[in-house]
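Observations on the three-dimensional arrangement
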Amino acid sequence: SERSNVRVAVRVRPMNQREKAKQSSCVISMNENKTILQSNAAVSPGKVQKGPTEFIFDHCFWSTDDSDPDNYAGQEEVFRTLGEGIIENTYQGYNVCIFAYGQTGSGKTYSMMGTDDEPGLIPRFCSALLNKESKGTVTVELSYMEIYNEKVRDLLKLKKSKTELSVREHNILGPYVEGLSQHAVSTWEDIKLLLVAGNKCRTTAATKMNEESSRSHAIFTLTITQIFHNQESGTSKELNSKFNLVDLAGSERASKSGAQGKRLVESGNINKSLTFLGRVISSLAEEKNRRQSYVSYRESVLTWLLKNSLGGNSKTVMLATISPADDNYGETHSTLVYAERARKIVNEATVNEDTKF
Ligand code: ADP
């Protein structure tokens with residue numbers, strides 16, 4: 001097995017219309033792998049003043065001024081940087097997990113899904129995965145689910161399946177969702193059709209319930225199976241890996257509830273999962289807790305399902321997205337603190353290999 005830290009990247013988006021109209025000032029600067037948050041003096045006069053705070057990450061993406069292409073990290077650059085080695089890892093049989101974290105409106109969906117003209121990480125990773133050559137026979141299956149209010153919903157559910165699914169744990173393969181539909185795919189077009197259908201499922205629900213989409217987590221998983229036959233010995237070897245792309249609910253829910261130690265009840269259970277994600281991240285960041293037995297993954301659906309991606313059998317990348325504007329100072333600060341903590345998590349990834357006779 002191979003040990004590696006969670007790789008953490010931060011991306012700062014352009015000012016939006018509202019921020020421009022308010023003539024917000026930019027409180028973020030980046031210098032190689034450092035992200036610097038300006039002093040809060042201008043933002044909260046009268047409060048205890050902090051000087052500029054520096055955070056170190058694996059990658060910092062400056063995507064604030066797209067009129068200056070030389071100093072703008074576009075979708076292709078983000079993909080190339082984060083994707084380096086990841087496609088190979090998947091084909092070597094490792095699990096991979098990429099998750100996007102940040103307040104609502106900070107650019108999670110833009111970075112993950114992107115637009116038709118500027119496709120994001122999901123379409124780019126999918127195409128790269130499907131185009132990769134392998135010596136084995138490859139099958140790729142897709143599942144797409146949503147976690148909302150501690151309930152798992154299949155976004156691609158077959159007509160007769162249950163609406164609410166349960167999480168179970170296999171003693172070797174780890175946690176999984178029972179009855180989650182799997183869809184064989186072979187091209188990006190196949191995947192896109194399923195994603196569009198799945199996203200519609202999310203949006204329909206969102207109009208019924210206020211702000212639901214920013215409170216739900218979407219987990220998109222590709223399961224890649226490679227079978228290698230050995231003609232001489234008559235044996236075959238199977239390599240299995242999961243590629244998870246997670247669009248987390250807006251992080252403002254976490255910072256306003258339990259993540260800072262207040263009682264969970266206060267969040268009205270709105271987003272228990274995100275609260276516990278914060279706790280799991282914090283407790284994994286402390287050396288003495290690194291042995292997984294001390295971390296209570298099962299407290300929430302999200303952390304349970306991501307168990308193997310957080311300090312488990314996985315190569316994990318976290319993309320934290322932030323706004324550059326002074327009026328988001330507080331949320332930006334807490335996102336950066338979270339992200340810096342996540343960097344301390346050590347994953348132990350092993351190849352999922354099975355020899356059959
Ligand atoms: P979230 O998913 O975090 O709620 P979005 O991805 O919807 O946020 O982003 C909010 C808005 O900002 C969208 O209109 C999006 O197109 C724009 N945006 C976000 N990140 C970028 C970026 N890096 N470059 C250009 N526009 C961006």
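Presented here is an overview of the structure given in this document.

The rules behind each value
Positions within a chain are numbered from 1, following the residues in the order the chain's sequence is written. Owing to the predicted nature of the model, reporting of local features is limited to residues with pLDDT of at least 70; listing and counting of side-chain atom pairs is limited to 80 or more, with chain, interface and lining totals taken over all residues. Side-chain numbers come from the whole structure's heavy atoms, not from hydrogens or water. Any two strands with at least two DSSP-identified bridges between them are counted as paired. Secondary structure elements follow DSSP: runs of H or I of four or more residues count as helices, runs of E of two or more count as strands, with numbering from the N terminus. Axis angles are defined between N-to-C directions and span 0 to 180 degrees, where every axis is a line fitted to C-alpha atoms and, for a helix, only to the segment in contact. Contacts are assigned to residue pairs with any non-hydrogen atoms lying within 4.5 Å of each other. Classification of ring pairs rests on two measures: the distance between centres of Phe, Tyr or Trp rings, Trp counted by its six-membered ring, which must be within 6.5 Å, and the angle between planes, read as stacked under 30 degrees, edge-to-face over 60 and tilted in between. Partly exposed residues are those whose accessible area sits between 20% and 50% of the maximum for their type, while under 20% is buried and over 50% is exposed, using a 1.4 Å probe and protein chains only. Only when the NZ atom of a Lys or the CZ atom of an Arg is both within 6 Å of the ring centre and within 35 degrees of the ring normal do we say a charge sits over the ring.

1. A look at the sheet that holds strand β4 (residues 34-37)
Here we have 3 strands laid out as an open sheet, ordered β3-β4-β5, and antiparallel in their pairing. Since the sheet does not close on itself, it has two edges, and those belong to β3 (28-31) and β5 (53-56), each with one partner. This sheet shows a mean twist of 25° between the axes of neighbouring strands, independent of strand direction. Docked against the sheet, helix α11 (residues 329-342) engages β3, β4 and β5, running at close to 40° with respect to β5.

2. Description of the packing of aromatic side chains
Applying the stated criterion to the full structure yields 5 aromatic pairs. Look at Phe-55 and Phe-57: their rings are 6.4 Å apart centre to centre, the planes differ by 15°, and that puts the pair in the stacked class. Taken as a pair, Phe-55 and Phe-57 share a single burial class, namely buried. Chaining the aromatic ring pairs together yields one cluster made of Phe-79, Phe-125 and Phe-243. The positively charged end of Lys-237 is found above the aromatic ring belonging to Phe-228, 5.6 Å away from the centroid.

3. Considering unusual backbone geometry
The phi angle at Gln-23 is positive, at roughly 50°, despite the residue not being glycine. Mapping Gln-23 onto the fold places it in the loop between α1 (17-21) and β3. Classification of Gln-23 as exposed rests on a relative accessible area of 72%. Unusually for a residue other than glycine, Glu-32 sits at a positive phi of about 50°.

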